[in-house]
Structures are given as C-alpha cells and as structure tokens.
Amino acid sequence: MALVTARRILVTPRSLTKAGLETVPELAVLRDAGFELIGSTPGATPSATELTELLPGAEGWLAGVEPITAEVLAHADGLRAISRNGAGIDNIDLAAADARGIRVLRAPGANARGVAELALALGIGALRGLGRSSQALAAGRWQRELGAEVPGTAVGIIGLGAVGRLTAALFAGLDAHVLGHDPFVRDPPAGVTELVPLDELASRCRLITLHCPPLPDGSPLVDARLIDRMPRGTALVNTARSSLVDDAAVLAALESGALSSYSVDAFDTEPPALSPLLAHERVVATPHLGGYTAASVSRAARDAAQNLLDALTATAAAAVR
C-alpha cells in the first residue's frame, strides 16, 4: 500500500515559531482540518536556504516578513496559497507567485491597533524629547528639553489605510490638529481635520508619521526636497517601511536641526546593521514592535490561518468538481 502523508502547511512568522506552533491556539483551525504544521527556526527570520528546504511538499504557507523571492518559490512544488499574517505583501514576488498559480492573501487591519499605538507613543516621545533625555540621564547628564503638548499640535498622517486612520483617531482624541494625505482617499476619515496635498502637509505639520506602502518605483517619499518644505524642528515617525525615507537626507537633516528627531520601527533587514543614522542621538529605533502585541499577534494569526484554510478548501473543492 502507498503511504499516505498529511497535507503540510509551512508556518514562518517569528511571533508564532518563537512561541511554538503547538502552543498557538489560533492555528488549531488548520490542525483540525487535517493539516500538519511545519515551522521554521523558532523566533528567527528564515533564510532563503531554510525556506528552500522546508517548502517542497507544502500545500500552504502562513508567512511573515521574510523575503519570498522567485528563487525561493521555485522550490514550492505543491504550494497553492501564501497567507500573510499582516497587510503588507511587498516582501513577496507577486509575479513569480502568480506564474506558479499561487494565491497571495493578506490580513488587513489585524495589527493596526498595535502599530497605531506605537506611532502615537513614538510621536508623543518625539514631542517631549524622551529618547535624548533618557540617553543623557543614563550617561550621567541632567538634560531637559522644553517639550510640546499634543493639543493644538499639527500632526500629519501620510497614508490613511487601517493603521493611518486609527493613528489619526488616536491623535485627534488627544486634541491634535490632524492633517492627512492619501491619493486614494477622497473624504477625511474620523479624526482627520483636513485632507491636503503632500507638500502642504509637510509645510504645516510639527509631527509627521508614515503609514503608506513603498512607492511603486522604489524611490523614497521623504527626501531632501520634502524635508526642505518642513518647518525647522519637525519630528518624523516611520512605522511603515524603511524605503519610504532617504536615510542620507534624514541624517543630514538631523545634523542640521531641520528635523528634531526620527523614530523608526521598520528596516530592510532584521536585525539591521548599525548605521550612522541608527546610531544618531536624535534617532529612536525600535525592533519592529508595531504589531508585536499579544492582541495583534492573535488577530493576525487567526485571520491568516482562516484565510489560508478558506483558500485551500476552495481550491480543493474546485479540483473535485
């Protein structure tokens, strides 16, 4: 008799592998449907080599932020669907996936609350100079800066998807004057006082926070030209994508005082190499903490698992017909 093997799903998000797949209740829906769950190295971003070793025979993939390239997908001999535990899919070679007939699924909004709350925290910290004050005190210096309060502060939200809208609402709840920019949004969502062009937002806001995807051509959104339009001493927060900013331009602006601070939770590689920008005293860098809350991880895992199950069930039913 031929040996019947379980249908396999690869699970790679660090938040899930670190906990141990067997301890994650949100994955039970996949086990109950008869799938065997295969995890990558616990708590680590899997390398391309590891992925090519794990992918053969996998029918589904519950994926994290690891690069999913055409070279990796060449080893996906039975893969029918990739389900991200978040909204972003720019880490996936969509053309390569499409060419192999692999569906790519997202979990939009699952981690929006966690990311928005971090953007709020980083924004308030920037207005009060918390990073520099803490560093100074740890070094034995008593260094106080005159901070700004949120009420009346002009806060610019670039990108009004699920995270941007919630960030706007949080700042508005503290009586900030919130300006928004999003070329795909026609009416101001809750909390946004005005929708304005990008250059106008840059010229009017004391605090700017980024919540948009990378530009299609890969060029930075925040470059020297845009920074030059900002009031001197503007604070910049980036919990979206590192490619949205020109690192050299931001570093030069921090050195000159054009920017008062840069807070960043997004990196091209994780962990990132220590650069002159990340080491700057006016930079607060956090290790991709935005969606790393118990509630966000749970929602993202639940939505991604259900999306994957629905897709695999649908394709199996179609094959039977």
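Note that the structure is a prediction, hence the values are computed from the model and not measured. (Residues numbered from 1 in each chain as written. Predicted model: local features only at pLDDT ≥ 70, side-chain atom pairs only at ≥ 80, totals over all residues. Heavy atoms only, no water.)

Q: Explain the sheet that holds strand β7 (residues 177-181) to me, please; I cannot follow it from the model alone.
A: Strand pairing in a sheet is mediated by backbone hydrogen bonds. Such pairs are either parallel or antiparallel. Strand order in the open sheet formed by seven strands is β8-β7-β6-β9-β10-β11-β12, and the pairing between neighbours is parallel. Looking at the sheet topology across the chains shown, the edges are occupied by β8 (194-195) and β12 (283-285). The pairing of strand β11 (residues 259-264) with β12 spans three bridges and is parallel. Of the residues in β12, the one forming a bridge with Val264 is Ala285. Strands β9 (207-210), β10 (234-238), β11 and β12 of the sheet are contacted by helix α6 (residues 112-128), whose axis makes an angle of about 155° with β10. The sheet strands contacting helix α11 (residues 247-256) are β10, β11 and β12, and the helix crosses β11 at an angle near 140°. (Pairing = 2+ DSSP bridges. Helix = DSSP H or I, 4+ residues; strand = E, 2+ residues; numbered from the N terminus. Contact = heavy atoms within 4.5 Å. Axes fitted to C-alpha atoms, helices over the stretch in contact; angles between N-to-C directions.)

Q: Sorry, what's going on with the sheet that holds strand β5 (residues 103-105) here?
A: Taken in spatial order, the five strands line up as β2-β1-β3-β4-β5 in an open sheet, and their pairing is parallel. Bordering the open sheet on either side are β2 (35-39) and β5, each of which pairs with just one other strand. Ignoring which end each strand starts from, the neighbouring axes of this sheet average 20° apart. Two strands pair when backbone bridges link them, and strand β4 (residues 81-84) and β5 are joined in this way by three bridges, in the parallel orientation. Bridged to Ser83 within β5 is Leu105.

Q: Would you mind showing me how to read the UniProt feature "domain: D-isomer specific 2-hydroxyacid dehydrogenase NAD-binding" (unreviewed entry) in the protein chain here?
A: Under the feature "domain: D-isomer specific 2-hydroxyacid dehydrogenase NAD-binding" (unreviewed entry), the UniProt entry names residues 121-290. The span residues 121-290 shows a helical share of 31% and a strand share of 18%, and its end C-alpha atoms are spaced 11 Å apart. (UniProt positions renumbered as here; feature names shortened; annotations may be inferred.)

Q: I would appreciate a short explanation of α6 in the present structure.
A: Working note: α-helix, 3.6 residues per turn, so residues spaced by three or four point in the same direction. The first and last C-alpha atoms of α6 sit 24 Å apart over 17 residues, in line with the 24 Å expected at 1.5 Å per residue. Inspection of α6 places Ala112, Gly114, Val115, Ala116, Leu118, Ala119, Leu120, Leu122, Gly123, Gly125, Ala126 and Leu127 among the buried residues, and these make up the whole buried set. Once α6 finishes, Gly129 follows within two positions and takes phi at roughly 65°, a positive value. (Expected span 1.5 Å × (residues − 1). Buried < 20%, exposed > 50% of the residue type's maximum accessible area, 1.4 Å probe, protein only.)

Q: How should the state of the cysteines be read in this particular structure?
A: One covalent bond between the sulfur atoms of two cysteine residues makes up a disulfide. Enumeration over the complete set of coordinates arrives at zero disulfides. The thiol of Cys212 is not disulfide-bonded; the next cysteine sulfur, from Cys205, is found 14 Å away. (Disulfide = S-S within 2.5 Å.)

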